[in-house]
Amino acid sequence: MFEVLKKKLKELTEKILGKGVEAESRSEEEKKAEKDKRFFLTLKEGIIKRVIEKKLTREELEAILSDLEISLIEADVAYEIARNLKESLIKELDGKEVKRGREKEIVIEAIRRSLNEILDLPKISLEDEIRRKRPYLIVFFGFNGSGKTTTIAKVANLLIKKGFSCVLAAGDTFRAASIEQLEEHAKRIGVPIIKQKYGADPAAVIFDARKYAEAKKIDVVLADTAGRSYTNENLMEELKKIVRVNKPDLKVLVIDSLTGNDAVNQAKFFNEIGVDAVVFTKLDVNEKGGAILSVSYLLKKPILFVCDGQNYEDIKYFDKEEFLNNLLGF
Ligand SMILES: Nc1nc2c(ncn2[C@@H]2O[C@H](COP(=O)(O)OP(=O)(O)O)[C@@H](O)[C@H]2O)c(=O)[nH]1
Ligand SMILES: [Mg+2]
């Protein structure tokens, strides 16, 4: 009985061991085969990868991004900004591994992402601001002919429609017919205007307008100023005085979107006084409005409004997506 059991056990052990040896040797072979397979697969993957993937080179990027640079400049983006953008994209993408045939797509994605970042600006709600502090004083400044007076009329008209009361301050006491121009708007919109004679101190005119608003419980004072240019040293001083005396709640820089290269200089120049928000005008003339990109890149200030025409209704909130689509043409 015991012997039978022992024999069975031996048979069993041999069987197992035998199998075990067999299994062992097969697995060795298998292991080798597996290894070879893996090696060839890796090789194949490597080749496939090399065929379908590639590294973006600086030359290639230069070519694609030079096209971008040119189209940005054509859209009135300042040269300096277009070049900076190109350089930083080259730095970001140089040596990046991409699927063949997708090079352009990858670069375009990067362009869109970086433009989106530039336009990721702080937001401002004029209505909330006004509700927080009344009378709320807004001073508009900018270069000659940028559209300050027209924009003031548009903003006043918009605010009246939203139920706020407004008074205009004829702070441009310098340019011929500027007071009459603002008066005409005030009459048409149906808002009061505070003015003095030409040559008067604009800081005093704006001060009077604020006193008037306080007395009459008017919500908003919209102050016009004379257009500046680099040579107007005294006008610049005058603007500083306006700010010092009246401490505006909002200093708005008005920029003609056709400005091109000079937008950068204007933004730097006026930023000496401190810009709180920007308005871009004349987008109806050049809907690409590259100045928006240049100035936003430099100042990182909220865009209060964009204007696109000569009528009071031609004022709207900035739409980043729409702007980028227009600028890039895709
Ligand atoms: N097409 C167009 N013209 C505008 C716009 N804004 C202002 N203007 C015109 O630009 C010129 C100068 O505007 P104005 O308000 O007097 O500029 P200011 O010197 O800065 O006060 C005027 O003829 C305006 O009618 C705009 O958004 N589109
Ligand atoms: Mg004016």
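A short tour of the structure in this document, coming up. In this text, all values refer to a predicted model and were calculated from it rather than measured experimentally.

## Examining the sheet that holds strand 8 (residues 277-281)
Spatial strand order, 5-4-6-3-7-8-9-10: eight strands in an open sheet with mixed pairing. Of all the strands in the sheet, the pair left with one neighbour each is strand 5 (193-194) and strand 10 (315-316). Relative to strand 10, strand 9 (residues 303-307) runs antiparallel, the two sharing two bridges. Each bridged residue has a counterpart across the sheet, and for Cys 307 the counterpart in strand 10 is Ile 315.

## Observations regarding the site of ligand 1
The immediate surroundings of ligand 1 are formed by 19 residues, with Lys 148, Thr 150, Arg 175, Asp 284 and Gln 310 found nearest. Gly 145 is positioned with one of its backbone polar atoms (N or O) 2.8 Å from an oxygen atom of ligand 1. Taking Thr 150, its side chain carries an N or O atom lying 2.5 Å from an oxygen atom of ligand 1. The fraction of the free accessible surface of ligand 1 (580 Å²) that becomes covered by protein chains is 81%. Top element by residues in the shell around ligand 1 is helix 6 (residues 148-161). It accounts for four residues.

## Let's talk about the packing of aromatic side chains
Following the criterion strictly, the structure yields six aromatic pairs and no others. Taking the centre distance of 6.0 Å and the plane angle of 80° together, the rings of Phe 143 and Phe 270 count as edge-to-face. In this pair, Phe 143 sits in the loop between strand 3 (136-142) and helix 6 while Phe 270 sits in helix 10 (residues 262-270), placing the two residues 127 residues apart along the sequence. Neither Phe 143 nor Phe 270 differs from the other in exposure class; each is buried. Feature note: the residues Phe 141, Phe 143, Phe 269 and Phe 270 constitute an aromatic cluster, connected by ring pairs.

## Regarding the packing of helix 8 (residues 202-216) against helix 9 (residues 233-246)
Look at helix 8 against helix 9: their axes get within 8 Å of each other, and the N-to-C directions meet at 30°. Compared by their axis directions, helix 8 and helix 9 come out roughly parallel. Helix-helix and strand crossings are classified by hand; for helix 8 and helix 9 the assignment is right-handed. Counted together, Pro 202, Ala 203, Ile 206, Phe 207 and Arg 210 of helix 8 and Glu 238, Lys 241, Ile 242, Val 245 and Asn 246 of helix 9 form the full contact between these two elements.

## Structural notes on the layout of surface pockets
As a volume, the largest pocket reaches approximately 290 Å³. Contributing elements (two or more residues each) for the lining of the largest pocket: helix 5 (126-132) and strand 9. Sort the elements by how many residues they give to the lining of the largest pocket and strand 9 lands first, with three residues. In the lining of the largest pocket, the residues fall into eleven nonpolar, one polar and three charged.

The rules behind these values
- Residues numbered from 1 in each chain as written.
- Chains lettered and ligands numbered in written order.
- Predicted model: local features only at pLDDT ≥ 70, side-chain atom pairs only at ≥ 80, totals over all residues.
- Heavy atoms only, no water.
- Pairing = 2+ DSSP bridges.
- Helix = DSSP H or I, 4+ residues; strand = E, 2+ residues; numbered from the N terminus.
- Near = heavy atom within 4 Å.
- Polar contact = N/O pair within 3.5 Å; in protein donor to acceptor, adjacent residues only side chain to side chain.
- Areas by Shrake-Rupley, 256 points an atom, 1.4 Å probe, with all protein chains shown as cover.
- Phe/Tyr/Trp six-rings, centres within 6.5 Å; stacked < 30°, edge-to-face > 60°.
- Buried < 20%, exposed > 50% of the residue type's maximum accessible area, 1.4 Å probe, protein only.
- Axes fitted to C-alpha atoms, helices over the stretch in contact; angles between N-to-C directions.
- Parallel < 35°, antiparallel > 145°, perpendicular 65-115°, else oblique.
- Left-handed = near helix turned anticlockwise from the far one by under 90°.
- Contact = heavy atoms within 4.5 Å.
- 1 Å grid on protein atoms, 1.4 Å probe; cavity = no way out; pocket = protein on both sides within 12 Å on 5 of 7 lines; lining within 4 Å.
- Points joined across faces, edges and corners; volume = space filled by probe spheres on them.
- Nonpolar A, V, L, I, M, F, W, Y, C, P; charged D, E, K, R; others polar.

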